[in-house]
Amino acid sequence: MKEFLNFINGEYVRNASGKTFQDINPVNGSVIGNIYEAGQAEVDAAVAAARAALKGDWGRLSVAERCKLLDAVAGEINRRFDDFLQAEIADTGKPHHLASHVDIPRGAANFQIFIDTIKSTATESFNMRTPDGKTALSYGVRVPRGVIAVVCPWNLPLLLMTWKVGPALACGNTVVVKPSEETPATATLLGEVMNQVGMPKGVYNVVHGFGPGSAGEFLTQHPGVNGITFTGETRTGTAIMKAAADGVRPVSLEMGGKNAAVVFADCDFQVTIDTLTRSCFENAGQVCLGTERVYVERPIFEKVVAALKERAEAMKPGLPFDHDTKIGPLISKKHQAKVLGLYKTAKDEGATIVTGGGVPDMPDALKDGSWVQPTIWTGLPETATVVTEEIFGPCCHISPFDSEEEVLGKVNANRYGLATAIFTQDIARANRLAHQIEVGLCWINAWFLRDLRTPFGGSKQSGIGREGGVHSLEFYTELRNVMVKF
Ligand code: NAD
């Protein structure tokens, strides 16, 4: 049985309360280990360690020295690739091909990219003549914000955590990470990496626990925290924003979505179906950027439904390391119950179930896992629950459209605005639409293709702020203006 300890000031520690909770493998419901829940005392200690590190060795490093350490972190993640892979797969049940191609490599890349960013980003400078005939030179200096609270979800644990820890540290901050209660392993393991590369104590801290009344709330309400970066549900982000109001602390929020795909009749059919299969079903639909609403131009509507049905039915559920496994379980029994509840709602509201809608028949050894079938619906109005609400499961509703104007209205009629994918050969039309769709990220003939130098984030209730490349510096540093008169 494993133990997941808090990582505070360079050391693994249990807790004063003795409270633990279980880390469950969603493939079969087995217990992976016990997680030591951080109370107020542990969160206080972690924040104090992070504050002290700002004034210690870490705070005195040059950018080049900091970057050398971060490069070593990326190298050590790659060297221990298999440890991270095993830990991530045990916590999430995701197929090996996904974790090995997406989660772990991006975990390392997220440190590497921000080394390049911080080394090569200039600050502005302006010259002006003063009324008395002298010169005033203004220039910007970027300083770290201080202690950053990093609150993470469970769907891409290492990837999304390092997406924030990488730039936070590159900018000279220190962090206290609160990983999801469902996926404690890789954040904990990263502590070993930090010690191995000689990261000063207190720069990277991890506190385990839940949200309200637990580590998440204690951390985000902590007056010693200078900024909060969060990825998760919009409801949680709202609570965090309220907590951040005390002390007027900045937030960066990457939250829920109800992403649409728009498929025109002139699309490259094969590319479109291949891409939609991924965007609807990859990671069992537990990707914030995933597609849950597919709008198809009427002439090819039936053809798209039939092709996607065939693909959904070929998504073989199974063990992460089996070669023919195409889809893993949902993260937990709780999430499975939520998704199955929405599958039922779709049926109750009159959906045509093209495929799926329930739990797949699994062998006895996996019966206690959190499995659901990839599911496709048609025939619902735009007001139906599964067309408006985020499900975060392997499912989508497909509906036909007749004009660009009509589909634009439907895509935008949602409170979320994270991502969209447009499929067409008419690149002028695609660009025209991309400028009008109210989202932070728009793909044309692609999905989840990322250049880490570009801004990432959501519009409307999907988020506040942009992270990625130089945009991350907006949140992780404070831009100070210096003016000298001579
Ligand atoms: P969640 O909001 O339930 O939990 C996220 C984290 O917040 C967890 O660590 C949790 O313990 C913590 N938390 C919960 N309540 C809190 C509180 N009151 N104060 C402080 N911390 C609190 O989200 P989840 O279920 O882990 O993740 C799924 C959600 O994340 C989906 O809505 C998905 O769309 C979203 N997501 C968004 C992005 C993005 O980039 N926009 C990426 C991945 C996931």
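Everything numeric here is computed off the predicted structure, so don't read it as measured data.

We now examine the site of the ligand. What surrounds the ligand is a group of 31 residues, the closest being C152, K178, E181, T236 and E390. Between an oxygen atom of the ligand and a side-chain N or O atom of E181, the distance comes to 2.7 Å. G232 places a polar main-chain atom, nitrogen or oxygen, 3.5 Å from an oxygen atom of the ligand. Starting from 850 Å² of accessible surface for the ligand in isolation, the protein chains cover 92%. Among the elements of the structure, α8 (215–220), β11 (227–231) and α9 (234–245) are those that each provide at least two residues to the shell around the ligand. If you tally residues by element for the shell around the ligand, the top one is α8, at 3 residues. Taken together, the residues of the shell around the ligand break down into 15 nonpolar, 10 polar and 6 charged. Counting residues domain by domain, the shell around the ligand receives three or more from each of domain 1 (2–255 + 462–485) and domain 2 (260–444).

Next up on the list: the sheet that holds strand β4 (residues 20–24). Strand order in this open sheet of 3 strands is β1-β5-β4, and the pairing throughout is mixed. Each having just a single partner strand, β1 (2–4) and β4 make up the two edges of the open sheet. Across this sheet, the average inter-strand angle for adjacent strands is 30 degrees, counted without regard to direction. The pairing of β4 with strand β5 (residues 31–36) spans 5 bridges and is classified as antiparallel. Paired with Q22 across the bridge in β5 is N34.

Take the UniProt feature "active site" (unreviewed entry) in the protein chain next. According to UniProt, the feature "active site" (unreviewed entry) maps to E254 in the numbering used here. Take E254: it is sitting in strand β12 (residues 251–254).

It is worth spelling out the state of the cysteines at this point. Within the structure shown, the criterion is met by 0 disulfides. In this structure C67 is not part of a disulfide, and its nearest cysteine sulfur, from C171, lies 9.5 Å away.

Mapped onto the present numbering, the UniProt feature "domain: Aldehyde dehydrogenase" (unreviewed entry) falls on residues 13–482. In the segment residues 13–482, helix accounts for 40% and strand for 21%; the C-alpha atoms at its two ends are 43 Å apart.

Criteria and thresholds
Residues numbered from 1 in each chain as written. Predicted model: local features only at pLDDT ≥ 70, side-chain atom pairs only at ≥ 80, totals over all residues. Heavy atoms only, no water. Near = heavy atom within 4 Å. Polar contact = N/O pair within 3.5 Å; in protein donor to acceptor, adjacent residues only side chain to side chain. Areas by Shrake-Rupley, 256 points an atom, 1.4 Å probe, with all protein chains shown as cover. Helix = DSSP H or I, 4+ residues; strand = E, 2+ residues; numbered from the N terminus. Nonpolar A, V, L, I, M, F, W, Y, C, P; charged D, E, K, R; others polar. Domains from an automatic or database assignment. Pairing = 2+ DSSP bridges. Axes fitted to C-alpha atoms, helices over the stretch in contact; angles between N-to-C directions. UniProt positions renumbered as here; feature names shortened; annotations may be inferred. Disulfide = S-S within 2.5 Å.

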